[in-house]
Amino acid sequence: MIPKFPQGCGVLCRLAAVLAKAFAEAQGNSISLYPSEVAKKAQVSQQVVGEIFRALAERGYMECVRTDRRMRCVVTRSSPLWSAEQDKIYNILETL
């Protein structure tokens, strides 16, 4: 199901919304995110999500590993990125 985004919700806004939902539904101490899946849900290009995830990994918010042809990024509960609050995630994305 494709989520509805508020009018004027740009790339970072949509990405923050999708990540907030993923963290809200997450079980356990970490979550694996695939840029291709996040891109589809956020209706953002895969390249853009990949670049944002790389920047987040460089700053220690997540750890990304390349598997076969996909990139898999793991976010642990100790990461400041782990929040069910879209505004907090958006603020982090804005600093990249």
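Refer to the preceding data block for the structure.
Anyway, here's the lowdown on the structure attached to this text. Keep in mind that what you see is a predicted model, and the values were worked out from it rather than measured.

1. Description of the layout of surface pockets
- Volume-wise, the second largest pocket comes out at about 180 Å³.
- Elements with a minimum of two residues in the lining of the second largest pocket: helix H2 (35–42), helix H3 (46–58) and strand S3 (70–76).
- When residues of the lining of the second largest pocket are assigned to their parent elements, the largest contribution, five residues, is made by H3.
- Considering only residue class, the lining of the second largest pocket consists of two nonpolar, four polar and five charged.

2. Re the environment of Leu19
- Mapped onto the elements, Leu19 comes out in helix H1 (residues 11–25).
- Note: C-alpha distance between Leu19 and Leu33 (14 residues apart in sequence) is 9.0 Å.
- Excluding anything up to four places from it in sequence, Leu19 contacts Leu33, Phe53 and Ile89.

What counts as what
- Residues numbered from 1 in each chain as written.
- Predicted model: local features only at pLDDT ≥ 70, side-chain atom pairs only at ≥ 80, totals over all residues.
- Heavy atoms only, no water.
- 1 Å grid on protein atoms, 1.4 Å probe; cavity = no way out; pocket = protein on both sides within 12 Å on 5 of 7 lines; lining within 4 Å.
- Points joined across faces, edges and corners; volume = space filled by probe spheres on them.
- Helix = DSSP H or I, 4+ residues; strand = E, 2+ residues; numbered from the N terminus.
- Nonpolar A, V, L, I, M, F, W, Y, C, P; charged D, E, K, R; others polar.
- Contact = heavy atoms within 4.5 Å.

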